[in-house]
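One-letter residues, chain by chain:
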Amino acid sequence: MLVAAALVPDTALLVPGASGRTDPAAGLREVATAAVRRAVEHADRVVVVAPGRAARRTPGTTPEGSAAPGGPAHARAGTTTVPAVAVVGQVRASLAAAGIPDQTLAQVPPADLVVPEEVAARLGRTHRASVPTAVALRLLAATGRGAAHAVETCRSDGVALRALGSSLAAGRARTALVVVGSASGRHGPDAPLADDPEALAYDDALVDALRSGDPAARERIAALDPVRAEALAVTGWGPWQVLVGATAAEVRADVEGHVLLGAQHVVGTWLTGGAR
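Please read all numbers here as calculations on a predicted model, not as lab measurements. (Residues numbered from 1 in each chain as written. Predicted model: local features only at pLDDT ≥ 70, side-chain atom pairs only at ≥ 80, totals over all residues. Heavy atoms only, no water.)

(A) Quick look at the overall build of the protein. A count of helices and strands for the protein gives 8 helices and 10 strands. Burial status across the protein gives 55% buried among its 276 residues. For the protein, long-range pairs separated by at least 24 residues make up 76% of all intrachain contacts whose partners lie at least 6 apart in sequence. Accessible area for the protein stands at about 11600 Å²; split by element, carbon and sulfur atoms hold 51% of it. (Helix = DSSP H or I, 4+ residues; strand = E, 2+ residues; numbered from the N terminus. Buried < 20%, exposed > 50% of the residue type's maximum accessible area, 1.4 Å probe, protein only. Contact = heavy atoms within 4.5 Å. Areas by Shrake-Rupley, 256 points an atom, 1.4 Å probe, with all protein chains shown as cover.)

Okay, structure coming up:
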C-alpha cells in the first residue's frame, strides 16, 4: 500500500557541486531532501518514479501485458491492464547526460531500473539511469535510504501510467514513492527554454492541484494533456500520472511551488492514512 510520496524536482542542480562554485539550488535541495526523508521514514519499500530519456520518442504507445514490480502479473486498475514493463538490471546514478562528472554521485547506491518492454529491448546491456532518476537516487542517499526500483516513464498514455501506479501500490508492503518531475521550463528570460506566455497559468493550476491532492485535484492531474505538457517543457506529466494511479486513499498534501532560473518546480509530500 502507498503510505507516502515525495514530490521532487528533476533538475541536476539539486546535486551538490553540479553548478560549480555557485549553488542556486541550495534552498530547494534542502526542502527536497526533507520531503524525501519524511516520505520514506516508515516505508518498507521505496520506488523512484521519474521521466525517462525515451519519453519523447515513444508517444502514445500502449503495449499489452503486465508485470510491474510489487504487483501481480496482469494486475488491473479498473478495466485497464497494467502495461508491460521489464527490469533491465541494476543501474547507477549518472549525470553524464547533463555534462556533470559522475564522481559527484560516487556514494549513491544502485537501483533496479524498470522501463517499458519495448524500451528495454533497445537498451541492451549499455544503459544508465536518466538524470531525473539520478537526482532522486542522490536525494535518497542523503537520507540514508536506497530504492528497490527506479521506474522510468517513457510513454504518453495516461491510462496505462495510472494503472502502473495502482500496481506499484498493490500489496501489503508499506510503499513510498519518490516522484520526480518539474512543471514548465518556459518562465521568462532566465528559463532553459524560450518563454511561453501560457506557462504561468498552466503551472498555477498544476501547483494548486498538487497542493490539494484531493480526489477532484487528482482528476485534474489525470486530465492534463500530455501534448500541451510537452510543448511547455513539463517533465513531470508521466510520473504524476503514476502518482495519481497509486493514490487510492485520502492524502495530506504539503507541497510548495518554487521557480528557479525560469523553471517551475514542485516539492513536498503526499501522506496517506497508512503513514504513521
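The rest of the description comes next.
(B) Representation of the side chain of threonine 33 in the model. Considering the arrangement of structural elements, one finds threonine 33 in helix α1 (residues 26–40). Accessibility expressed as a relative area gives 12% for threonine 33, which makes it buried. Residue contacts for threonine 33: discarding those within four places in its chain leaves Leu139, Ala142 and Thr143.

(C) Examining the environment of serine 212 more closely. Inspection of the secondary structure assignment puts serine 212 in helix α5 (residues 199–212). Placed 41 residues apart in sequence, serine 212 and alanine 253 show a C-alpha to C-alpha distance of 5.9 Å.

(D) Structural detail: the pattern of salt bridges. A full pass over the atoms with the stated rule returns 4 salt bridges. The partner of aspartate 254 in a salt bridge is arginine 38, with the nearest N and O atoms 3.5 Å apart. On the criterion of sequence distance, the pair formed by aspartate 254 in strand β9 (residues 251–260) and arginine 38 in helix α1 is long-range, its members being 216 residues apart. Arginine 228 is the salt-bridge partner of glutamate 198, the closest N and O atoms lying 3.5 Å from each other. One end of the pair, glutamate 198, is in the loop between β8 (175–180) and α5; the other, arginine 228, is in helix α7 (residues 226–231), and 30 residues separate them in sequence. (Salt bridge = Lys/Arg side-chain N within 4 Å of Asp/Glu carboxyl O.)

(E) Structural view of the packing of helix α4 (residues 158–168) against helix α8 (residues 237–246). In the contact formed by α4 and α8, the axes pass within 6 Å of each other and the chain directions differ by 50°. With respect to α8, the axis of α4 lies oblique. The two elements α4 and α8 meet at a crossing, and its hand is right-handed. Seen from α4, the contacting residues are Gly158, Leu161, Arg162, Gly165, Ser166 and Leu168; seen from α8, they are Trp237, Gly238, Gln241, Val242, Val244, Gly245 and Ala246. Considering only residue class, the contact of α4 with α8 consists of 6 nonpolar, 6 polar and 1 charged. (Axes fitted to C-alpha atoms, helices over the stretch in contact; angles between N-to-C directions. Parallel < 35°, antiparallel > 145°, perpendicular 65-115°, else oblique. Left-handed = near helix turned anticlockwise from the far one by under 90°. Nonpolar A, V, L, I, M, F, W, Y, C, P; charged D, E, K, R; others polar.)

(F) Structural view of the nonpolar core. By size, the foremost hydrophobic cluster in this structure holds 39 residues, and its most contacted members are Val8, Val36, Val48, Leu140 and Val178. Sorting the residues of this core by element identifies β1 (2–8), α1, β2 (45–51), α3 (131–142), β8 and β10 (263–272) as the ones contributing at least two each. The dominant element in this core, judged by the number of residues it contributes, is α3, at 7 residues. Not counting residues within four places of it along the chain, the set of residues in contact with valine 48 comprises Ala136, Leu137, Leu140, Ala147, His149, Ala150, Val151, Val178 and Val180. Within the second largest apolar cluster, 37 residues are counted, among which are Tyr202, Val207, Trp237 and Leu243. (Core = buried A, V, L, I, M, F, W, Y, C linked by side-chain atoms within 4.5 Å.)

(G) Representation of α1. Taking 1.5 Å of rise per residue, the 15 residues of α1 would be expected to cover 21 Å, and the 21 Å separating its terminal C-alpha atoms lies within 8% of that figure. All of the buried residues along α1 are Leu28, Arg29, Ala32, Thr33, Ala35, Val36, Ala39 and Val40. Looking down the long axis of α1, one finds its buried residues gathered within 160° of arc, a one-sided arrangement. The secondary structure elements touched by the buried residues of α1 are β1, β2, α3, β8, β9 and β10. (Expected span 1.5 Å × (residues − 1). Arc of directions from axis to C-beta.)

(H) Seen up close, the side chain of serine 184. Here serine 184 lies in the loop between β8 and α5. Within polar-contact distance, the side chain of serine 184 engages the backbone nitrogen of arginine 186 at 3.2 Å. The residues touching serine 184, leaving out its near neighbours within four places in the chain, are Ala199, Asp203, Leu232, Ala233, Val234, Gly262, Ala263 and Gln264. (Polar contact = N/O pair within 3.5 Å; in protein donor to acceptor, adjacent residues only side chain to side chain.)

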